[in-house]
Amino acid sequence: MISNKYTDNIETQVLVVGSGAGGAITAATLAAAGYSVLIVEEGPEINTKNLATHSPEAMQLLYRNNGLSPILGNTNIAFVEGRCVGGSTEINSALWHRTPADAIARWINDFHVNALSLKEIDSLFSEIEAEVNISYYNSKDIPVNSSLLKIGAEKLGWCIEEVPRAQSNNLQLSQFDAGTKNSMSRTYIPKAIAAGGKLLPNCKITRLHYKNKRINSVSGIVTKNNQKTKVTINAEFIFLCSGATQTPLILLSSNIKRNIGNSLKIHPMLKVAALFDKTLNSHKAPLPIYQVREFYPNITLGGSIFTPGFLAILLSEDWNTNYTAIKNWKKMSMYYTACCGNGAGKIKIFPFTGEAMLLYKISKEDQINLSKGLAYLCELLFQSGAKALYPSLKYPTVIYPSDNYNTFIENPIPIENMSLSNVHAFSTCPMGEKKEICATDSFGKVYDFENLYISDASIIPDAPGVNPQGTVMALALRNAKHFLQE
Amino acid sequence: MPGNQKLKEDLINELIKQLSRVFIPDNTFLDIEYTKTIENDVTEFVNSQIAAMPFFLQLPYKITLFIFNLLSIPSYKKPFLMLDSKQKREYVSSWENNKISKIRDFIKPIRSCALLRYFDHPIVLRILESNVEALAHDL
């Protein structure tokens, strides 16, 4: 029940909606420049210092819909995103990539993004990387599950690279990195607050109110002690940084529709559990640190989070046959193949409840890339010494070295046979000067509005093919700097 | 909560509890107290996960749970909740292996949540670390 009695009114110069990768850096930059900044975050403020970020407990505290927000389509895709102070940076693996040059070139050519260059992006990255401490695994003892990926790739002569993380130096703790990840709640949010910014958690923004190209006020609901209170926020400038699913939801709910929510892109992912003949203890190792880049930009291979629970979920594709494999859990590890999705996705508002419906149709090209990716991953893991592989497929649920897995290349796996997951969503409000397909200009300013900006994964014009946290932060910093210059 | 509503909620909770238990091992290697703790934790987790689903998915999901309970009647002459554990496994397996992927998808959320909570439960993890053979007996 929402109380009408206690309607709060808040005044601020800049309102930042969302405290994830885009929101935190926007708030810190504008607060440091002397603006009065309020960050509102839909989720709670949780101290993640001692919380394993992929544990069942964390799912209930930090994830939107406790981690049950599937993307619906020709196959349902499991999707997770953060809903807490710090957003998805609190639940991700903190893997860090600079924006690839080919993605930037595509955005300039296809979306007419102005004044964007690799040099400029690299300079923004350097600034951010110093703050979040991008670091490599600095031990001679590479975790076994990671070294297996490397052994296989080297035998095949495939390009493989270590991916750094936004994390404090001690990378040899558990794979969950509890307390060591440099998420937004440990970096840019404290920085924003130190510069005079304010943070309001548990505040869900529901609607923007506007007249003559200006947002006049913003409505929201604050939840405190299970009591919901309406809030109205008056701000001179509004930065929407709620991520690729919630930013379009706020805009569509406010009847702002121009190129909003109709171009969702993702990185669909197919996981595989691999059984080796030696003990790996993958649950104690840091996340696998390598990615195979041989097939970039279409296909990426890498290591996945491992716990007996996640292994059981993967094996449960055919639980009756595969459940005994869990006995060998200490000899197992999990890997993935992901593709740079080019299918068609949308965000829609579900009538009556106002919730975001995520829709995505896996394209023929996605299907081919995921099938090829699985064949490549099988080849690599068998080269590394795997004895059996358990893919997240309805059939086959186990693959042996003697099996002809290369048939996946010529005969793609049926889509309904795949059990897919995804952790990256973007492009729901693409930026660029090509107004017929873009929602914002080249610096995140929403078309037709004077004081409304977007600085999150929504504005990334298409799937970048890499973990997007760095790109989100660089683009948000670029937008904030441009705003200050204006 | 009105009486009818309470009955529906209780039925949903019981269905989720029974369905979760189909997927987790029998725990004969555990003390009865531990078994109860784990089973309660699994049920509580799965229940709260289903309750956290977006409402537009949650409502049809709960309706399908009712239907799921009744659709065992043509084959077993009893609703799912009245089946013995072997029959429950068989019946659930027929849903899990259905040719229609949307029917298979119905089982997935409960199965995945139950397995995640069970195998990542601190007590089970401790046993897995030290004595996987005991668990293997129940698998």
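It should be noted that the structure appears before, not after, this text.
Below: a short report on this structure. The structure displayed is predicted, hence computed values, not measured ones.

Rules used throughout
- Residues numbered from 1 in each chain as written.
- Chains lettered and ligands numbered in written order.
- Predicted model: local features only at pLDDT ≥ 70, side-chain atom pairs only at ≥ 80, totals over all residues.
- Heavy atoms only, no water.
- Helix = DSSP H or I, 4+ residues; strand = E, 2+ residues; numbered from the N terminus.
- Buried < 20%, exposed > 50% of the residue type's maximum accessible area, 1.4 Å probe, protein only.
- Contact = heavy atoms within 4.5 Å.
- Buried area = accessible area lost by both parts, 1.4 Å probe.
- Salt bridge = Lys/Arg side-chain N within 4 Å of Asp/Glu carboxyl O.
- Polar contact = N/O pair within 3.5 Å; in protein donor to acceptor, adjacent residues only side chain to side chain.
- Nonpolar A, V, L, I, M, F, W, Y, C, P; charged D, E, K, R; others polar.
- Phe/Tyr/Trp six-rings, centres within 6.5 Å; stacked < 30°, edge-to-face > 60°.
- Lys NZ or Arg CZ within 6 Å of the ring centre and 35° of its normal.
- Arc of directions from axis to C-beta.
- Lys, Arg positive; Asp, Glu negative; His and termini not counted.
- Pairing = 2+ DSSP bridges.

**Re the overall build of chain B**
When helices and strands are tallied, chain B shows eight helices and zero strands. Along chain B, from the amino end to the carboxyl end, the secondary structure elements read α-α-α-α-α-α-α-α. Within chain B, the fraction of its 139 residues that count as buried is 53%. Counted over contacts in chain B with a minimum sequence separation of 6, partners at least 24 positions apart contribute 64%.

**Quick word on the interface of chain A and chain B**
Each side of the interface is counted separately: chain A has 37 residues, and chain B has 33 residues. The junction of chain A with chain B conceals about 3,200 Å² of combined surface from both sides, 60% of it contributed by carbon and sulfur atoms. In terms of surface lost to chain B, no three residues of chain A exceed Pro56, Leu68 and Trp319 of chain A, which account for 18% of the buried area on that side. Connecting chain A to chain B are three salt bridges. As a salt-bridge pair, Glu57 of chain A and Arg117 of chain B come within 3.2 Å of each other at their nearest N and O atoms. On the surface where chain A and chain B come into contact, there are 21 residue pairs in polar contact (both at pLDDT 80 or more). For the side of chain A that touches chain B, the secondary structure elements donating two or more residues are α2 (56–62), α8 (308–315), α9 (319–322) and β17 (356–361) of chain A. At five residues, α8 of chain A tops the list of elements feeding residues into the side of chain A that touches chain B. The residue inventory of the side of chain A that touches chain B, partitioned by class, reads 16 nonpolar, 13 polar and eight charged.

**Describing the packing of aromatic side chains**
Residues and elements named next belong to chain B. Here the structure, examined in full by the defined rule, presents 25 aromatic pairs over all chains. Geometrically, the ring pair formed by Phe68 and Trp95 is edge-to-face, given 4.9 Å between the ring centres and 75 degrees between the ring planes. Taken together, the positions of Phe68 in helix α3 (residues 55–70) and Trp95 in helix α5 (residues 85–96) put the pair 27 residues apart, joining distant regions of the chain. Of the two residues, Phe68 and Trp95, both sit in the buried class. Chaining the aromatic ring pairs together yields one cluster made of Tyr61, Phe68, Tyr76, Phe80, Tyr91, Trp95 and Phe106. Sitting over the face of the ring of Phe80, Lys88 holds its NZ or CZ atom 5.8 Å from the ring centroid. The lysine or arginine in question, Arg117, covers the ring of Phe45, its NZ or CZ lying 6.0 Å from the ring centre.

**Quick notes on helix α3 (residues 101–111) of chain A**
Think of an α-helix as turning once every 3.6 residues; residues three or four places apart then point the same way. Residue and element names in this part refer to chain A. For α3, the full list of buried residues reads Ala103, Ile104, Trp107 and Phe111. Along the axis of α3, the buried residues cluster in a sector spanning 100 degrees; they form a single face. One or two positions beyond α3, positive phi appears at His112, with a value near 55 degrees.

**What about unusual backbone geometry?**
Residue and element names in this part refer to chain A. Omega for the peptide link from Tyr296 to Pro297 comes to 10 degrees, which places this bond in the cis form. In this structure, Pro297 sits in the loop between β13 (290–292) and β14 (299–303). Omega for the bond connecting Tyr395 with Pro396 falls within 30 degrees of zero, at -5 degrees, which places this linkage in the cis form. Relative to the helices and strands, Pro396 is located in the loop between β18 (388–391) and α11 (407–410). Backbone geometry at Ala115 places phi at a positive 55 degrees, although glycine is not the residue there. Examined against the element boundaries, Ala115 turns out to sit in the loop between α3 and α4 (118–132). With phi around 50 degrees, Asn225 is a residue other than glycine that occupies positive phi space. Take Asn225: it is sitting in the loop between β9 (214–224) and β10 (227–240). Accessibility expressed as a relative area gives 72% for Asn225, which makes it exposed.

**Remarks on the side chain of Asp366 of chain A**
Residue and element names in this part refer to chain A. Mapped onto the secondary structure, Asp366 falls in helix α10 (residues 364–383). For the buried Asp366, no salt bridge exists, and the shortest N-O distance to an oppositely charged side chain is 7.6 Å, to Lys265. Apart from the residues lying within four places of it in its own chain, the contact partners of Asp366 are Pro268, Cys339, Cys340, Gly341, Asn342, Gly343, Tyr360 and Lys361.

**Thoughts on the environment of Ala32 of chain A**
Residues and elements named next belong to chain A. Considering the arrangement of structural elements, one finds Ala32 in helix α1 (residues 21–32). Note on Ala32: relative accessible area 62%, which makes it exposed. Through-space distance from the C-alpha of Ala32 to that of Thr247 is 24 Å; in sequence the pair is 215 residues apart.

**Digging into the pattern of salt bridges**
Taken as a whole, this structure holds 23 salt bridges over all chains when the rule is applied. In this structure, a network of salt bridges that share partners links the residues Glu42, Arg64, Glu81, Arg83 and Lys204 of chain A.

**What to know about the pairing of β18 of chain A**
Along any regular strand, the residues point their side chains to alternate faces of the sheet. All names here are of chain A. Side chains Ala388 and Tyr390 project from β18 onto one buried face, and the interleaved Leu389 and Pro391 project onto a second face that is buried too. Bridge count between strand β12 (residues 269–275) and β18: four bridges; the pairing is antiparallel. Across the sheet, the residue bridging to Val272 is Pro391, located in β18.

**Points about the environment of Gly87 of chain A**
With respect to the helices, strands and loops of the structure, Gly87 of chain A is situated in the loop between β3 (77–79) and α3. In this structure, Gly87 of chain A is in contact with Ser19, Gly20 and Gly82 of chain A, ignoring residues within four places of it in sequence.

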